[in-house]
Amino acid sequence: MTNIKRAMPLSLILAYFLLSSQTCSQVHPTKCNNLEVFYGPLVETYGPTGDGNSNQQDRFYLANLYYKSNNNNFTGIQIEFNLSSLENVANVIGTATSSDPSNVEIRASNPLNISGNNPIKLASIVWRVKYTDFGTTAIGKQKFTFLDGTGLAFEGCQPSFIDPPSVSRMSGQIIPKPNDGYILPSGE
């Protein structure tokens, strides 16, 4: 009887690893079709709230958004924000358009460079987490949708809201941290 009890957990562990192992074709919220996006190190600053509450402060996160690609049809990305909102986009490869603070689309007129394992900076992004949401989330949630040459989402990708991925090192390279935090424009 004791041999059966010992064998059962081992078989469960083995089954877990087999079922959860990832293959190259598996889809992740920040990886799909030989593409990957991620932020470099985050710089956190504090500022006035959007609702004028002088007793609280909202948090602002500045980070450079990078991509790695082996896909010659990648032309852009759409980012949706949840429990956070877009504050600013700068240093963009191509153009950035946003109809409201809940999303931004970054597009190049031609397919973006194939980078292999080398990260390439796509843009600098600033997002706000309201003080009212800070107990629910530390840095907000974001959804990344990869866009092809026709402006449509790549088939087979499954974007979902996740904590924005941030790394300080990738493929042996140090990802630089932005020099300064975000400074709100005067009047806000």
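Quantities reported herein were computed from a predicted structural model and do not represent experimental measurements.

Peer 1: So what exactly am I meant to see when it comes to the overall build of the protein chain here?
Peer 2: Along the backbone of the protein chain there are 1 helix and 12 strands. Residue pairs in contact within the protein chain that sit at least 24 positions apart in sequence constitute 74% of those at least 6 positions apart. Only carbon and sulfur atoms are counted for the fraction: they give 51% of the accessible area of the protein chain, which is about 10,800 Å².

Peer 1: Help me understand the state of the cysteines, please; the structure alone is not making it clear to me.
Peer 2: Chemically, a disulfide is nothing more than a covalent bond linking the sulfur atoms of two cysteines. All told, the structure shown has 1 disulfide when counted by the stated rule. Covalently, Cys32 is tied to Cys157 through a disulfide, its sulfur atoms 1.9 Å apart. In this structure the cystine formed by Cys32 and Cys157 twists about its S-S bond by roughly -95°; its chirality is therefore left-handed. Here Cys32 is found in strand 1 (residues 31–32), whereas its partner Cys157 is found in the loop between strand 10 (141–147) and strand 11 (169–170), with 125 residues between them in sequence. Here Cys32 matches Cys157 in class, with each residue buried.

Peer 1: I would appreciate a short explanation of the pattern of salt bridges in the present structure.
Peer 2: Here the idea is simple: oppositely charged side chains can pair when their charged atoms come close. The final tally for this structure, using the stated rule, is 6 salt bridges. Across the pair Glu36 and Lys68 runs a salt bridge whose closest N-O atoms are separated by 3.6 Å. Taken together, the residues Glu36 in strand 2 (residues 35–39) and Lys68 in strand 4 (residues 58–69) connect sequence positions 32 residues apart. The class of Glu36 is buried, set by a relative accessible area of 15%. Judged by relative accessible area, which is 11%, Lys68 ranks as buried. With its nearest N and O atoms 2.7 Å apart, the salt bridge here joins Asp58 to Arg128. Taken together, the residues span a long stretch of sequence, with Asp58 in strand 4 and Arg128 in strand 9 (residues 120–129) at a distance of 70 residues. With relative accessibility at 1%, the residue Asp58 sits in the buried group. You can call Arg128 buried: its relative accessible area is 7%. One salt-bridge network, held together by shared partners, links Asp58, Glu87 and Arg128.

Peer 1: So what exactly am I meant to see when it comes to the sheet that holds strand 7 (residues 95–97) here?
Peer 2: Judged by pairing direction, the sheet is antiparallel, and its 4 strands sit side by side in the order 7-8-5-10 without closing on themselves. Bordering the open sheet on either side are strand 7 and strand 10, each of which pairs with just one other strand. Each neighbouring strand pair of the sheet contributes to a mean axis angle of 20°, computed without reference to strand direction. For strand 7 and strand 8 (residues 103–107), the ladder comprises 3 bridges, and the chain directions are antiparallel. Within strand 8, the position partnered with Thr97 by the bridge is Glu105.

Peer 1: How should I be thinking about the packing of aromatic side chains in this particular structure?
Peer 2: The geometry of an aromatic ring pair is captured by the separation of the ring centres together with the interplanar angle, meaning the angle of the planes. Within this structure, the stated rule accounts for 7 aromatic pairs. On the numbers, 5.5 Å between centres and 65° between planes, the contact of Tyr67 with Phe74 is edge-to-face. Of the two residues, Tyr67 and Phe74, both sit in the buried class. Relative to Phe146, the ring of Phe74 lies with its centre 6.1 Å away and its plane at 65°, an arrangement referred to as edge-to-face. Separated by 72 residues along the polypeptide, Phe74 in the loop between strand 4 and strand 5 (76–82) and Phe146 in strand 10 bring together distant segments of the chain. One exposure class covers both Phe74 and Phe146, and it is buried. In textbook terms, an aromatic cluster arises when at least three aromatic residues are bridged by ring pairs, as seen for Tyr39, Tyr61, Trp127 and Phe144. Sitting over the face of the ring of Phe134, Arg59 holds its NZ or CZ atom 3.2 Å from the ring centroid.

Calculation criteria
Residues numbered from 1 in each chain as written. Predicted model: local features only at pLDDT ≥ 70, side-chain atom pairs only at ≥ 80, totals over all residues. Heavy atoms only, no water. Helix = DSSP H or I, 4+ residues; strand = E, 2+ residues; numbered from the N terminus. Contact = heavy atoms within 4.5 Å. Areas by Shrake-Rupley, 256 points an atom, 1.4 Å probe, with all protein chains shown as cover. Disulfide = S-S within 2.5 Å. Buried < 20%, exposed > 50% of the residue type's maximum accessible area, 1.4 Å probe, protein only. Salt bridge = Lys/Arg side-chain N within 4 Å of Asp/Glu carboxyl O. Pairing = 2+ DSSP bridges. Axes fitted to C-alpha atoms, helices over the stretch in contact; angles between N-to-C directions. Phe/Tyr/Trp six-rings, centres within 6.5 Å; stacked < 30°, edge-to-face > 60°. Lys NZ or Arg CZ within 6 Å of the ring centre and 35° of its normal.

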